Amino acid sequence: MTDFEQRYVTARKAVIARDLARLNPMQRQGAMTTEGPLLLLAGAGSGKTTVLIQRVYNLLTYGRGSDSDEVPDWATEEDLGFLEHFPDRPDGDEVRRVHRLCAVDAPRPWEIIAITFTNKAAGELKERLAARLGPAANDVWASTFHSACVRILRRDIDRIGFDKDFTIYDTDDAKRVIKDILKEQNLDEKTFPVRSVLSAISASKDRYEGPEVFRKKAEAANDWKNTRIAKIYAAYQQKLSTANALDFDDIIYHTVTLLQKEPKVLDYYQKKFRYVLVDEYQDTNHLQYLLTGLLAGGHRNLCVVGDDDQ
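A look at the pattern of salt bridges
In step 1: Enumeration over the complete set of coordinates arrives at 24 salt bridges.
In step 2: A salt bridge links Arg108 to Glu111; the nearest nitrogen and oxygen atoms lie 2.9 Å apart.
In step 3: A single salt-bridge network, built from bridges that share partners, covers Arg64, Glu70, Asp105, Arg108, Glu111 and Arg274.

Structure follows, in structure tokens:
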């Protein structure tokens, strides 16, 4: 690396760091590390979500600039001098120029997916991204796991046997289906409480285990009750399929199935999402872990934020 290149890289990182001056040193390091897998651990109230938002801002504004040794071949000594003496209070033209000089392969907003767990948290994430980024924030995939999966399924679920206009069953719908199955199979609701049966099915789906795997495990353990729940599970999934319906767990379950079974769909999303970010990662279950790995498997730019005390 030439002296010019070394000075340019140093000046660029310093300018980007100044733009992220509202962060403390460790937060800034997290926001400026753009490439490869990144695990951010911090306690409650330490600004984890702030780092995630500033990281998205950094990516969209500067791309790999804070994490790259590349120097544009068109850069001049005048450009370098501008970076090294960048004013404390730049005007609009100076800001636009510094963005051009510092950006390296910046992603487009729709090439970033930022996932959180609750609709409230997703709403806050969108609001804070909009406050920092302006209109560009609208095109970032900032959503819950389930909302992101619904978008994916609406596009391609017909590849795995459902129509794209599928219905999503809520808890009451699911309970009604289970009650019907219990009657059909002459099973006592006191022995097989609807809520307990649904809980067992949900746990199985969280492990990415379908009715057949559930049945084999129950039979291997000589578990009378779970063997019968396996039959309920199989009938439940069949009724949902016939009705072109998904329950809440199916939304992620079928997305994982779609991505695993359809290489073209997987390739599309792995190329689409150059950066995958997950907030509150300590709350992920096995199914969400599988989904995250599939989406991030192309560029391998995965950032997860979590609290290891939780």
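Focus on the sheet that holds strand β7 (residues 302–306)
Two strands in a sheet stick together by hydrogen bonds in their backbones, pointing the same way (parallel) or opposite ways (antiparallel).
In step 1: Taken together, the 5 strands give an open sheet; going across it, the order is β1-β7-β6-β2-β3, and neighbouring strands pair in parallel fashion. If you trace the sheet from one side to the other, it starts and ends with β1 (38–41) and β3 (141–144), each paired once. Across the sheet, the mean angle from the axis of one strand to that of its neighbour is 15°, orientation sign disregarded.
In step 2: The strands touched by helix α3 (residues 48–62) are β1, β2 (112–116), β6 (275–278) and β7; relative to β6, the strand with the most contacts, the crossing angle is about 170°.
In step 3: The sheet contacts of helix α14 (residues 286–296) involve β2, β6 and β7, and relative to β6 the element is tilted by about 160°.

Re the state of the cysteines
Every disulfide links exactly two cysteines, by a covalent bond between their sulfur atoms.
In step 1: The full count for this structure, using the stated rule, is 0 disulfides.
In step 2: For Cys149, which is in no disulfide, the shortest distance to another cysteine sulfur is to Cys303 and amounts to 19 Å.
In step 3: On the accessibility criterion, Cys303 (0% relative accessible area) is buried.

Things to note about the nonpolar core
In step 1: In terms of nonpolar packing, the biggest core is built from 39 residues, with Val56, Leu83, Ile112, Leu129 and Leu277 touching the most fellow members.
In step 2: Ranked by residues supplied to this core, first place goes to α3 with 8 residues.
In step 3: If we ignore the near neighbours within four places in the chain, the residues touching Leu83 are Tyr8, Ala11, Arg12, Val15, Val98, Leu101 and Cys102.
In step 4: In this structure, Leu153, Ile160, Leu291 and Ala296 belong to the second largest nonpolar core, which totals 33 residues.

Re the packing of aromatic side chains
In step 1: Taken as a whole, this structure holds 10 aromatic pairs when the rule is applied.
In step 2: Aromatic pair Phe82 and Phe86: ring centres 5.5 Å apart, planes at 75°, arrangement edge-to-face. Of the two residues, Phe82 and Phe86, both sit in the buried class.
In step 3: The residue whose ring lies beneath Arg97 is Phe82, and the NZ or CZ to ring-centre distance is 4.3 Å.
In step 4: Above the plane of the ring of Tyr169 lies Arg176, whose end atom (NZ or CZ) is 5.8 Å from the centre.

Thoughts on unusual backbone geometry
In step 1: For Asp105, which is not glycine, the phi dihedral falls at a positive 55°.
In step 2: Among the secondary structure elements, Asp105 is positioned in the loop between α5 (92–102) and β2.
In step 3: With a relative accessible area of 45%, Asp105 lands in the partly exposed category.
In step 4: One non-glycine residue with positive phi stands out, namely Asn244, at about 55°.
In step 5: Along the chain, Asn244 falls in the loop between α11 (224–242) and β5 (245–246).
In step 6: Take Asn244: its relative accessible area is 13%, and that puts it in the buried class.

What counts, and where the lines are drawn
Residues numbered from 1 in each chain as written. Predicted model: local features only at pLDDT ≥ 70, side-chain atom pairs only at ≥ 80, totals over all residues. Heavy atoms only, no water. Salt bridge = Lys/Arg side-chain N within 4 Å of Asp/Glu carboxyl O. Pairing = 2+ DSSP bridges. Helix = DSSP H or I, 4+ residues; strand = E, 2+ residues; numbered from the N terminus. Axes fitted to C-alpha atoms, helices over the stretch in contact; angles between N-to-C directions. Contact = heavy atoms within 4.5 Å. Disulfide = S-S within 2.5 Å. Buried < 20%, exposed > 50% of the residue type's maximum accessible area, 1.4 Å probe, protein only. Core = buried A, V, L, I, M, F, W, Y, C linked by side-chain atoms within 4.5 Å. Phe/Tyr/Trp six-rings, centres within 6.5 Å; stacked < 30°, edge-to-face > 60°. Lys NZ or Arg CZ within 6 Å of the ring centre and 35° of its normal.

Structural measurements only, silent on function.
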